[in-house]
Amino acid sequence: MISKIEGDVRRFRDIVRGRIRRDLKKYMSNGEMIGRKGKDFVSIPLPQIQLPRFRFGDNEGGVGAGDGDEGDSVGEPGDGEGSGKAGQGAGQHILEVDVTIEELAEIMGEELELPRIEPKGERNIVAKKDKYNRIAPVGPDSLKHFRRTYKRALQRQISAGTYDPSNPVITPQRSDNRYRSWREDSKPERNAVIVYMMDVSGSMGDAQKEIVRTEAFWIDTWLASQYDGLETRFIIHDAQAREVDRDTFFSTRESGGTLISSAYKLCMKMIDEEYPHQEWNIYPFHFSDGDNWSGSDTRDCMRLLTEDMLPKVNAFCYGQVESEYGSGQFINELKKSFPEDERVILSRIENRDAVMESIKTFLGKGR
Amino acid sequence: MDHSQFTQRFRQGLSEDLKRMQDEVEAVAKKAGLDFFPVVFEMVKPEEMSMLAAYGGFPQRYPHWRFGMEYEQIHKSYSYGLSKIYEMVINTDPCTAYLMNVNHLTDQKLVMAHVYGHCDFFKNNMWFGGTNRKMLDQMANHAARIRRWIDRLGTERVEAFIDACLSVDNLIDIHAGAIQRQPTGRNDLREQIRERARAGETPELPDAKNFKFDVDHSYMDEYINPKDEVLARREAALEATLKPGKVPEKPERGVLGFILEHAPLHDWEADILGIIRAEALYFAPQAQTKIMNEGWATFWHTKLMTEKLAHANEIVQYAESTSGTTAMNPRQLNPYKLGLELFRDIEMRWDTGRHGREFDACDDMEAKRTWFVDERGGLEKVFGVRQVYNDVQFVDAFLTEDFCRRQGFFAYGYDKKSKQFLIESRQFEEIKQKLLTQLTNFGQPMLEVVDSNFDNRGELLLAHRHTGADLQMDWAETALGNLSRLWKRPVHAETQLGGRPVRLSHDGEKPSRTFLDRKESEKSPKKET
């Protein structure tokens, strides 16, 4: 019976996907979705999917019942309708649609034409999992398989000629007992770690951080769809680097100078200690406004990259967020040092609208 | 096949104790005086209940994404524990009702009693008199027809057309089944005269008597109705009759029906539009009698449960479920609650003689409070009321000031300054007026076709009968665009916006607005941003 509505549900989902795809650029640049992320799905507001009708505006009022004097408030428009923020003007009924993260990544992949990532062969590690799909002649009583045990005993009695159809009593012996048992299932598991690094020196303002936040959301979404397990780590730096949690990462603002190499060093330490590169796909992302303290530190950075980081990671991504203070020199240095290197992906993000293009650059190489 | 044989045959899905329960409830309901179609209960799973709710109660509907959307919303809301559908019943003969298999047994009993109330209402309320009681089959036919069009023309094309139809399916004449507003064909005197004129005959002049004013005294006649004057009026009327008139002659409320008759639709388009219109008309009486229907069913389930059906150990469960369905939200009138209380109030008033001129004229509050005339006509009265009233009439006739005060009703409005809804008044007249306005035309704005050849360009002009509340403009403009898909020419709708008369137009591509109170010189269609 239920299958009847499935066609309609599928059609509805198709339409939703179409709308999301059409407005993907808008969603990608305004970061609205980030706050709507649950564990497995993202709740997306779609204003235009209901059937428009001739109807009264929402502010007509009505009749209610309860306590209160004339002039007392009985609530605001949109109360109890569950829309996140008050829309423009009264009466905007926004439909919230839940889309799974996987589905969102799929839409994004199709729209941006992102290639699927080929994980490096020897970096696959094998995860072992126990699955109860086997029957064994020994085991604990709690796992006894009664039907199998009965069948076994029946077989034995029939073949021994002790089975009497008029009095079908089956008496299992010890050797008839069968138990549920497990088998080790090995499955190659591909894990990835993203190390986000961000410059939090005075020249990175809130607008720049918001861009990084939006980018990080989409990068997470895509890479999570490509790997079985995804971990994210966060490093902020000014003249010194330290590891922080996600919230701190996006809200900290310091004022000191900038030594980019400090972050790269910490990142390498993290990788060497916790994420052996034979087993992990590693993605360091660095966002900065391109201002570094000194030329010598920049040289340190290049050396760290060439000698230490690049051989171990899938790709090193550098996003330069334009700010009015930064000189923006760092990206040029990187370009000079690694003109041909596929593993170094550079992107310049001028404003919010460039987020989509920049994500395409980062993820479009399929590394 | 009589009643009991029928129910025996058709309720295979129920377990033995539920069958026994149905027998018990049915017997009690019948004894209480309810008169219903045979009822077939079906036991469904929560997903099925959500699906049926999305389908408006019918197991077969045409394919459309809207049902999928509604299913997702209903089922999500159920899964999160935000809402629960106890029962659903559809207006057919035999009456089909669904029970949900996860519900408590006491709730099933309550629901059965409730369903018999609904079923009595469907059978006896006159507003349902014109509905098709074989709608299960009809809906399945509609589904099959639309599927066939989809097979032939493709999902996208048919779906886009259905979208356009649905977007204006509230523009129906809810009384279309009961009366004929526009005289058609041979019934129309004017049409007869025209026909004779076309045939080359000299049409007879209509009877001179029709053009005279009434006079009380015959000697005044020649002064009030001078001969020349009457003759001139007669001729003018004939001339007006012979001239090809505006279509429609009088404003037409059934916009969909009008389009069906006059727009250049393809076969498939006309078929689909007809289906959407028929379904909208089928569902209209339910929207027209929401308060009464739910009130009646609740009135009876509470009565039957507390007086006859509920055992002592079921009372708590019963009370919890009933208080849930009759709870009031400060900003929304609960039709269950309002209807229930009104029916109870009517019963009480007609039992104790608190009605009629003598009672109304009495201004001694103490005497009114303790008023008692042993009439015992309450039950008879409520049965009479459920037979002939709809919501508007029901509220108009029986919502009394005393009742309003007891229920703590207030009227509220939107305050632009504080951006909040504020309680405006506890005055009885204002509350009643507001409530009646909300119920008129089942809460939908009333738009009528006034001209099908607007501006002499074959464009459709609608007029909105403005009753105080503005239309929601963005939706109205999009809906107008959908209307132009059906009409295949630009369409216009005259309404008001913030107290100014405005004409919304849609040429099929983009909407525009013209304020009608501007001077000719500054008139320029304002583009929609």
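Nonpolar side chains in soluble globular proteins generally cluster together in the buried interior. Ranked by internal contacts, the top residues of the largest apolar core, which has 113 residues, are A:Leu223 and A:Phe285. Here the element with the most residues in this core is helix α5 (residues 206-226) of chain A; it accounts for eight residues. Excluding residues that lie within four positions of it along the chain, A:Phe285 makes contacts with A:Ile194, A:Val195, A:Tyr196, A:Met197, A:Ile219, A:Leu223, A:Cys317 and A:Phe362. Residues A:Ala65, B:Val25, B:Met292 and B:Cys404 belong to the second largest nonpolar core, which totals 60 residues.

Quick look at the interface of chain A and chain B now. Facing 46 residues of chain A, the contacting portion of chain B comprises 73 residues. Across the chain A/chain B interface, buried area totals approximately 5400 Å², and carbon plus sulfur atoms make up 60% of it. Interface area lost by chain A to chain B is led by A:Phe54, A:Phe56 and A:Val63, which between them contribute 17%. For the pair chain A and chain B, the number of links is four salt bridges. Residue A:Arg13 pairs with B:Glu72 through a salt bridge whose shortest N-O separation is 3.1 Å. When contributions to the side of chain A that touches chain B are tallied by element, the ones reaching two or more residues are α1 (3-22), β2 (62-65) and β3 (95-100) of chain A.

Further remarks concern the environment of B:Phe394. Residues and elements named next belong to chain B. The topology assignment puts Phe-394 in helix α19 (residues 391-398). Residue Phe-394 is classed as buried on the basis of its relative accessible area of 0%. Separated by 102 residues in sequence, Phe-394 and Met-292 place their C-alpha atoms 7.6 Å apart. The contact partners of Phe-394, leaving out residues within four places of it in the chain, are Ile-291, Met-292, Gly-339, Leu-342, Phe-343, Ile-346, Val-385, Tyr-389 and Leu-399.

Glancing now at the sheet that holds β2(A). The pairing of strands in a sheet happens through backbone hydrogen bonds and is either parallel or antiparallel. Across the sheet, three strands lie side by side as β2(A)-β4(B)-β5(B); this open sheet has antiparallel pairing. Since the sheet does not close on itself, it has two edges, and those belong to β2 of chain A together with β5 (420-425) of chain B, each with one partner. Strand-to-strand twist across the sheet, computed as the mean angle between neighbouring axes with direction ignored, equals 50°.

Within the fold, B:Thr298 resides in helix α13 (residues 290-309). Sequence-distant contacts of B:Thr298, that is, excluding residues within four places in its chain, are made with B:His114, B:Thr326, B:Tyr336 and B:Leu340.

Together, A:Asp69, A:Glu70, A:Asp72, B:Glu429 and B:Glu430 make up a negatively charged patch on the protein surface. In this fold, A:Glu70 is placed in the loop between β2 and β3. Look at A:Glu70 and you get partly exposed, because its relative accessible area is 48%.

Turning our eyes to something else, we now look at the packing of helix α5 (residues 105-124) of chain B against α13(B). Residue and element names in this part refer to chain B. Two elements in contact, α5 and α13, have axes whose closest approach is 8 Å; the angle formed by their N-to-C orientations is 130°. The pairing of α5 with α13 is recorded here as oblique in orientation. Handedness of the α5/α13 crossing: right-handed. Of the residues in α13, those touching α5 at Thr-106, Lys-109, Leu-110, Ala-113, His-114, Gly-117, His-118, Asp-120, Phe-121 and Phe-122 are Met-292, Asn-293, Glu-294, Trp-296, Ala-297, Thr-298, His-301, Leu-304, Met-305 and Leu-309. Residue composition of the contact of α5 with α13, by class: ten nonpolar, seven polar and three charged.

Our next topic: the sheet that holds strand β11 (residues 344-349) of chain A. Residue and element names in this part refer to chain A. With respect to topology, six strands assemble into an open sheet ordered β8-β7-β6-β9-β10-β11, the strand pairing being mixed. Each having just a single partner strand, β8 (241-244) and β11 make up the two edges of the open sheet. When the angles between neighbouring strand axes are averaged without regard to direction, this sheet yields 20°. Alignment of strand β7 (residues 229-237) against β8, held across four bridges, turns out to be antiparallel. Note that in β8 the partner of His-237 across the bridge is Ala-241. Together, β6 (191-199), β7, β9 (280-288), β10 (316-321) and β11 form the strand contacts of α5, whose direction differs from that of β6 by roughly 175°.

So, how was this worked out
Residues numbered from 1 in each chain as written. Chains lettered and ligands numbered in written order. Predicted model: local features only at pLDDT ≥ 70, side-chain atom pairs only at ≥ 80, totals over all residues. Heavy atoms only, no water. Core = buried A, V, L, I, M, F, W, Y, C linked by side-chain atoms within 4.5 Å. Buried < 20%, exposed > 50% of the residue type's maximum accessible area, 1.4 Å probe, protein only. Helix = DSSP H or I, 4+ residues; strand = E, 2+ residues; numbered from the N terminus. Contact = heavy atoms within 4.5 Å. Buried area = accessible area lost by both parts, 1.4 Å probe. Salt bridge = Lys/Arg side-chain N within 4 Å of Asp/Glu carboxyl O. Pairing = 2+ DSSP bridges. Axes fitted to C-alpha atoms, helices over the stretch in contact; angles between N-to-C directions. Patch = residues over 30% accessible without salt bridge, like charges linked within 9 Å, V, L, I, M, F, W, Y side chains within 5 Å. Areas by Shrake-Rupley, 256 points an atom, 1.4 Å probe, with all protein chains shown as cover. Lys, Arg positive; Asp, Glu negative; His and termini not counted. Charge placed at Lys NZ, Arg CZ, Asp CG, Glu CD. Parallel < 35°, antiparallel > 145°, perpendicular 65-115°, else oblique. Left-handed = near helix turned anticlockwise from the far one by under 90°. Nonpolar A, V, L, I, M, F, W, Y, C, P; charged D, E, K, R; others polar.

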